[in-house]
Structures are given as C-alpha cells and as structure tokens.
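So you can see what is in the structure, the chains are spelled out below.
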Amino acid sequence: MNQAIRPGSEAGRQGGDLLQLSVVVPTFNERDNVTALFRKLEAALAGIAWEVIFVDDNSPDGTWQVVRDLARKDGRVRCIRRVGRRGLSGACIEGILASSAPCAAVMDADLQHDETQLPKMLSLLESAAAELVIGSRYVEGGSADSFDRARAGASAFATEIANRVLGVRIADPMSGFFMIRRDRFEQLAPQLSTQGFKILLDLVATAHGELKTVEIPYSFGARVRGESKLDSMVALDFLGLVLAKFTGDVVSLRFLLFAMVGGSGLLVHLGTLFVGLTVFDLPFAESQAAGAVVAMTTNFILNNFLTYRDQRLKGLSILWGMLAFYLVCSVGLLANVGVAFSVYDQEPIWWLAGAAGALMGVVWNYAMSGLFVWRKR
Ligand code: GDD
Ligand code: MN
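Residues numbered from 1 in each chain as written. Chains lettered and ligands numbered in written order. Predicted model: local features only at pLDDT ≥ 70, side-chain atom pairs only at ≥ 80, totals over all residues. Heavy atoms only, no water.

A word on helix 9 (residues 253-278). The end-to-end C-alpha distance of helix 9 is 38 Å, a good match for the 38 Å that 26 residues give at a rise of 1.5 Å each. For helix 9, the set of buried residues is Leu 253, Arg 254, Phe 255, Leu 256, Leu 257, Phe 258, Val 261, Gly 265, His 269, Thr 272, Leu 273 and Gly 276. Summarising the contacts, the buried residues of helix 9 are in contact with helix 8 (234-246), helix 10 (284-307), helix 11 (316-346) and helix 12 (350-372). (Helix = DSSP H or I, 4+ residues; strand = E, 2+ residues; numbered from the N terminus. Expected span 1.5 Å × (residues − 1). Buried < 20%, exposed > 50% of the residue type's maximum accessible area, 1.4 Å probe, protein only. Contact = heavy atoms within 4.5 Å.)

It is worth spelling out the coordination of the manganese ion (ligand 2) at this point. Six octahedral donors around a metal ideally subtend angles of 90 or 180 degrees, whereas four tetrahedral donors ideally subtend 109.5 degrees. In the first shell of the manganese ion (ligand 2), the protein supplies Asp 110 (OD) and Gln 112 (OE1), at 1.9 Å from the metal. Here the two residues Asp 110 and Gln 112 agree in accessibility, since each one is buried. (Donors = N, O, S within 2.8 Å, 3.2 Å for Na, K, Ca; no water.)

This part is about the nonpolar core. In this structure, Leu 132, Phe 178, Phe 185, Leu 201 and Phe 238 are the most contacted members of the largest nonpolar core, which totals 40 residues. Top contributing element to this core by residue count: helix 7 (residues 199-207), with 7 residues. Residues in contact with Phe 178, not counting those within four places in the same chain, are Ala 104, Ala 105, Val 106, Met 121, Leu 132, Val 133, Ile 134, Gly 135, Ile 199, Leu 200 and Leu 203. Counting residues in hydrophobic clusters, the runner-up holds 36 residues, among them Val 25, Leu 45, Trp 64 and Phe 147. (Core = buried A, V, L, I, M, F, W, Y, C linked by side-chain atoms within 4.5 Å.)

Attention now moves to the side chain of Arg 184. Structurally, the position occupied by Arg 184 is in helix 6 (residues 182-188). Residue contacts for Arg 184: discarding those within four places in its chain leaves Glu 131, Glu 210 and Leu 211.

Before going further, it helps to examine the packing of aromatic side chains. Working definition: an aromatic ring pair is given by the centre-to-centre distance plus the angle between the planes. All chains considered together, the criterion is met by 8 aromatic pairs. The interplanar angle of 20° and the centroid separation of 5.4 Å between the aromatic rings of Phe 300 and Trp 374 together place this pair among those described as stacked. Linking Phe 300 in helix 10 with Trp 374 in the segment after helix 12, this pair joins segments that are 74 residues apart in sequence. Neither Phe 300 nor Trp 374 differs from the other in exposure class; each is buried. A centroid spacing of 4.4 Å and a plane angle of 5° characterise the contact between Tyr 308 and Trp 374, whose relative ring orientation is stacked. A residue pair is termed long-range when its members are at least 10 positions apart, and Tyr 308 in the loop between helix 10 and helix 11 and Trp 374 in the segment after helix 12 qualify at 66 residues. Through pairs of rings, three or more aromatic residues link up here, namely Phe 300, Tyr 308, Phe 325 and Trp 374. One cation-aromatic arrangement involves Arg 81 over Trp 64; the distance from NZ or CZ to the ring centre is 3.5 Å. Positioned above the aromatic ring of Phe 28 is the side chain of Arg 86, whose terminal nitrogen or guanidinium carbon lies 3.7 Å from the ring centre. (Phe/Tyr/Trp six-rings, centres within 6.5 Å; stacked < 30°, edge-to-face > 60°. Lys NZ or Arg CZ within 6 Å of the ring centre and 35° of its normal.)

With respect to the helices and strands, Cys 329 occurs in helix 11. For the pair formed by Cys 329 and Val 362, sequence separation is 33 residues and the distance between their alpha carbons is 8.8 Å. Every residue in contact with Cys 329, bar those within four places of it in the chain, is listed here: Met 296 and Asn 365.

Before going further, it helps to examine the sheet that holds strand 4 (residues 103-106). Pairing is mixed across the open sheet formed by 7 strands, whose spatial order is 3-2-1-4-6-5-7. The sheet is open, and its two borders are formed by strand 3 (77-81) and strand 7 (213-217), each paired with just one other strand. When the angles between neighbouring strand axes are averaged without regard to direction, this sheet yields 20°. Across 7 bridges, strand 1 (residues 21-27) lies against strand 2 (residues 50-56) in parallel orientation. Within the sheet, the bridge partner assigned to Val 24 lies in strand 2 and is Ile 53. On top of the sheet, helix 3 (residues 88-98) reaches strand 1, strand 2, strand 3 and strand 4; it is set at about 150° to strand 1, its chief contact. In this fold helix 7 packs onto strand 5 (132-136) and strand 6 (178-181), with an angle of close to 40° to the strand it touches most, strand 6. (Pairing = 2+ DSSP bridges. Axes fitted to C-alpha atoms, helices over the stretch in contact; angles between N-to-C directions.)

The structure is reproduced here in structure tokens:
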C-alpha cells in the first residue's frame, strides 16, 4: 500500500498519492496550541500522505477559527466544529468517522503527546504487525514525569481496575494517544460510548481481545499553554464505563452514572435525616422531608456535573432545571412507593419490594430527566 511520496510540505494528496494517515485531534480551548501542533505534524510526517482533523466543541476561545484559517491555507487540515455537544470520546469518534485514510491516530492538541512516534506507529499498522498501536507511558522506555503524585497514583489505580474487572491486558489503557486501522474501528464504532473520555479503554474492552495490539513507549510531556479539562469527575466517569462494559452494555453509561448519583443521594438523605433528628431535634416527618429535599438537590448538582456534563445547564437554566428535577423526582417517589406496595402485596418480602420500588423510581427519574430536565437540543 505504500506509495512513493514526494518529500516536502505539499507531499500527499495532490500527486495522486493515496492518503495513508488521518490524525484526529479533539480540542477544547486550545487556540494557542493548534498551529504549533500542525507545524510539528508537518515536520514529523514528511514523506507520508496525511491529513489532520480537529474536532472542536465550539471552544469559547475560538480554537475553531484558528483551525479554519489553517485549513484555508492547507488542504491537509480540516475542522469539525460541534455545537451543543461536549465530550472527548464523542469528538474522537466523530473525527475518525469523518476521516478517510486506512489508519487513524488520535492525539491531544496540547503537545503532551509525542508526534515523532507517529511514523513508527503507522508502519506497525501498515505492515500488519498490529491493528492498534498505543502510545504508552507505562512500558519500558515510556514516562509521565509531568504527572504529580496524586494523578500518577489515580492513573495506576484505574489501570489496575481495568485489568482486573475487564481483563484488559494493557499497560496504559488510559492513554489518549493511539493509532488504529479504520476498518477495525468502523466495526467497533456502533458499540462505543460517546460519553466520557476513555475512548481507548472502551475500544479495547469492546473488542474483547480481538484487536491485535502493540504498545510503544513515549514520554508524556508537560502542558505549556492552556489548561487540562479533565477534572475529578472523570474518576466516576471511569467507574461508570467499567460497570457498563462489565455488564455487557445492557445498561448505558449514562444510566449507570445516574444510578450511582442516586445511590449517593440515599447516603445524603440518611445523613440529613440523622442530623435533623439528633442535632436539630426535629420531628421525624420534618427530618425526612428535609432529607428528601437535600438529597434531590445534591443529586441534581451531581447529575448536572457528571451524568449530563455534555449538556450541562448553566445560568438561569439551572434554576428551571432544578425545579423540573424536583417535580420529576416527586412523581418518581410515588411510582416507587406504588410499585413497592404492589410487590409487597403479592410477596411480603421487604427487601424485594423495596428494591423493586427503588428500581422503578430510578428508571422513571432517569427517563423523565432526559425528557424534561436535560433535554437534547
Ligand atoms: N472536542 C473536545 N471536547 N475536546 C476535548 C474535550 C471536549 O469536551 N475535553 C478535552 N478535550 C481535548 C483537549 O483540548 C486536549 O486536546 C485533549 O482533549 C486532552 O485533554 P486534556 O485536558 O489536555 O487532558 P489531560 O492532559 O489532562 O489528559 C490526558 O491524559 C490522560 C491520561 O491520564 C489525555 O490524553 C487523556 O485522554 C488521557 O486519558
Ligand atoms: Mn493534556
């Protein structure tokens, strides 16, 4: 498949050479990095027919404008500007599906990934030595010096969980730097979660060991411009993905996150009830009601930050969303109690009736929240 490529910046698409590599770069507020990355790609990929697709989620800093300007001057650059959507995994998936080379790489825009590894990764795919090549920080020769201790620890812990629960035998399944054969990606794409940020882990887990994988070492550099978008919520995000894959995708990642938030609400409820009764000496009914309101509020906030982070409500919409959420949950509570009663009526087993009611409640709340609170635009 290798074509004879003319060297120089115009190599590739014009002389009838077939495109070999698409580089997909998700961006959010990276305006100061994209031009530098493009120049680095140009240098690293001399002699290869390549294109780069930036997938920008309508960055407030106007990253998409900078990319557009680049694209006007150089046909190898393309820009996908997504509006009303957020999320790293979804951006990568759309970018790969919009690309056309037989091999697609994903890398960050912030110059933390080592673009000089790309030719090596490409030749591993083109020689059929691999279907997936991972840039790994945790194989011999790789490193992540720019990580602080806490983040390095969290990363190692997540890798361990992925290994044990999902049987993913990879040193760095959290890497955001990899290259894959497009035919293999297209097969797996329908089962991937667009939510969250662990696209590589998702790919590997979804492929069930059927993807011939090679890891090559690289050093994860330091971010010079702009800031990281991954906050502490990604830990829960990760847990949700592991659970979704563990259950064979019978439930969606979003539903699992919603249910996990619901579980945290139960703890908040009991805590508030306890404080109401013991600290404030309130009667049981008042304490119980306070527990419900506080739990609904923390559930709303967590769901807005985590479960629906890609559709996060802001400003005044938060207020309306919160009121709608209270309403949805109140009806959900009726449904919960109703179902629990009728199960108990048939079969007086308290935990079975309670669990059935709770399940009904969370399914109802989830379905109705999607319709009335975090509506897809
Ligand atoms: N389109 C889009 N939408 N891009 C996003 C979004 C989003 O919601 N969030 C982040 N990005 C882009 C960033 O602009 C950057 O190019 C890339 O995705 C990685 O985001 P960073 O915020 O720089 O992530 P990081 O450096 O903290 O994390 C890196 O290391 C992790 C390993 O611990 C990434 O490579 C992660 O993918 C990786 O898991
Ligand atoms: Mn980064």
